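Each chain, letter by letter, is given below.
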Amino acid sequence: MFSIVIACDNKGGIGLNGKLPWTCPRDMEYFKQLTTQTTDKNKQNAVIMGRKTWESLPSRKLPNRFPVVITTRSLSNVITCTSIQHALSALGLMSNIERIFVIGGKQLYDEAIRHPKCSVVYRTRIHNTYECDTLIDTTLPGEFIETNDSKYVVHIDDVKTNDIDSVEDIHSTYDVNTTKCTFEVWVRREKIVDNEEE
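Residue positions are given per chain, counting from 1 as you read along its sequence in written order. At least 70 in pLDDT is required for a residue's local features to be given in this predicted model, at least 80 for side-chain atom pairs to be given and counted, and no such filter applies to totals for whole chains, interfaces and linings, which use all residues. Calculated side-chain values reflect all of the structure's heavy atoms, with hydrogen atoms and water omitted.

Undergrad: Sorry, what's going on with the overall build of the protein chain here?
TA: Along the protein chain, the regular secondary structure elements total six helices and 11 strands. Using a 1.4 Å probe on the protein chains alone, a residue whose accessible area is under 20% of its type maximum counts as buried, one over 50% counts as exposed, and one in between counts as partly exposed. In the protein chain, which comprises 198 residues, the proportion classed as buried is 45%. Across the protein chain, every contact between residues at least 6 apart in sequence was considered, and the portion connecting residues at least 24 apart equals 72%. The helix count covers DSSP runs of H or I at least four residues long, the strand count covers runs of E at least two residues long, and both are numbered beginning at the N terminus. Contact criterion: two residues are considered in contact whenever any of their non-hydrogen atoms come within 4.5 Å of each other.

Undergrad: How do you make sense of the confidence of the model for the protein chain when you look at a structure like this?
TA: It should be kept in mind that the predicted coordinates are not to be read in detail where pLDDT is low. What pLDDT reports is the predictor's confidence in each residue, on a scale of 0 through 100. When pLDDT is averaged along the protein chain, the result is 85; 82% of the residues meet or exceed 70. Looking over the protein chain, one finds the lowest element-wise mean pLDDT in helix α5 (residues 167-170), namely 46, and the highest in strand β6 (residues 97-102), namely 98. Segment residues 155-177: pLDDT under 50, and 45 contacts once partners within four positions in sequence are set aside and those in other chains are kept.

Undergrad: Whenever I open this one, helix α1 (residues 25-36) confuses me. Can you help?
TA: Residues spaced three or four apart along an α-helix face the same direction, because each turn holds 3.6 residues. Expected helix span is given by 1.5 Å per residue-to-residue step, counting one fewer step than there are residues. The terminal C-alpha atoms of α1 lie 16 Å apart, and with 12 residues this matches the ideal 16 Å at 1.5 Å per residue to within 8%. Summarising burial for α1: nine of the 12 residues are buried, a large majority.

Undergrad: Looking at this model, I keep getting lost on unusual backbone geometry. Mind explaining?
TA: Glycine aside, residues mostly have negative phi, and peptide bonds are mostly found in the trans state. Here the bond from Gly 104 into Gly 105 is cis, since omega is 5°, no more than 30 degrees from zero. Its location among the elements puts Gly 105 in the loop between β6 and α4 (106-112). Positive phi is not limited to glycine here, since Asn 17 has a value of about 55°. Judged by relative accessible area, Asn 17 falls into the exposed class, the value being 64%. Despite not being glycine, Asn 77 has its phi angle at roughly 65°, a positive value. Position of Asn 77 among the secondary structure elements: in the loop between β4 (65-70) and β5 (79-81). Its relative accessible area of 77% is what places Asn 77 among the exposed residues.

Undergrad: Can you help me understand the nonpolar core in this one?
TA: The nonpolar side chains of a soluble globular protein tend to be buried with one another. If you look at the biggest cluster of nonpolar residues, it comprises 28 residues, and the most contacted ones within it are Phe 2, Ile 4, Ile 48, Leu 91, Ile 100 and Val 121. Contributing elements (two or more residues each) for this core: β1 (2-8), β3 (44-50), β4, α3 (84-92), β6, α4 and β7 (118-126). Excluding its chain neighbours within four sequence positions, the residues that come into contact with Ile 48 are Val 68, Ile 70, Ala 87, Leu 88, Leu 91, Ile 100, Phe 101, Val 102, Ile 103, Gly 104 and Leu 108. Within the second largest apolar cluster, 23 residues are counted, among which are Phe 31, Leu 57, Val 69 and Ile 103. By nonpolar core is meant a set of buried Ala, Val, Leu, Ile, Met, Phe, Trp, Tyr and Cys residues that side-chain atoms within 4.5 Å join together.

Undergrad: Is there a simple way to explain the pairing of β1 in this structure?
TA: Successive side chains on a regular strand alternate, one facing one side of the sheet and the next facing the other. Across the seven residues that make up β1, a large majority, seven, are buried. The two faces of β1 match: Phe 2, Ile 4, Ile 6 and Cys 8 on one face and Ser 3, Val 5 and Ala 7 on the other face are all buried. As paired elements, β1 and β7 share seven bridges and run parallel to each other. From the neighbouring strand, Ile 6 faces β7, where its bridge partner is Arg 123. The pairing of β1 with β6 spans two bridges and is parallel. The partner of Ser 3 across the bridge, within β6, is Phe 101. Strand pairing requires that DSSP identify at least two bridges connecting the strands.

Undergrad: What should I look at first to understand the pattern of salt bridges in this one?
TA: Pairs can form between side chains of opposite charge whenever their charged atoms are close. Salt bridge, as used here: a side-chain nitrogen of Lys or Arg that lies within 4 Å of a carboxyl oxygen of Asp or Glu. Summed over all chains, the structure comprises four salt bridges. With a shortest N-O distance of 2.9 Å, Lys 106 and Asp 110 are connected by a salt bridge. Linking Lys 106 with Asp 110, this pair stays in helix α4, spanning four residues, or about one helical turn. The partly exposed category is assigned to Asp 110, whose relative accessible area is 26%.

Structure (structure tokens):
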């Protein structure tokens, strides 16, 4: 199973010229905490992404995570696979991987959201509309339902990242009129049914 992590504005915009069209350190810190935290300190999480997403990363690094790039091209210093299924199969053979996240871009998101092994979608909704040249459908497939884990937060410019120790710390609401966003958690319906039966 794997999860999707994505951020979009009110109209589903996710990028402009290959970059995020907004600045929201809170969301970046949430992304970092979500994709790096593991229950086993001897393991790490894998992050699957498209080539353009990989090339947009500063220094093409995601510390403490195992990156996999979906592409037919040959790239240096990173593991590549030709499809999501190829990546899942390869990662399934690795004993040091705990969780798997698909982090974009649009083409990979469109494929991943319909994949039967996609169990959770972590979506940050930026409550504004930006100029974007890349958009996703904001309506998730019907088998996904939003959980009570979704949190509405506000970005504060002067928050120090070392004040944030966990994802739970980021799930806090502040009465400041700055960049507003909601960290949504959508779970595939079958997964909720399975959990309720346990």
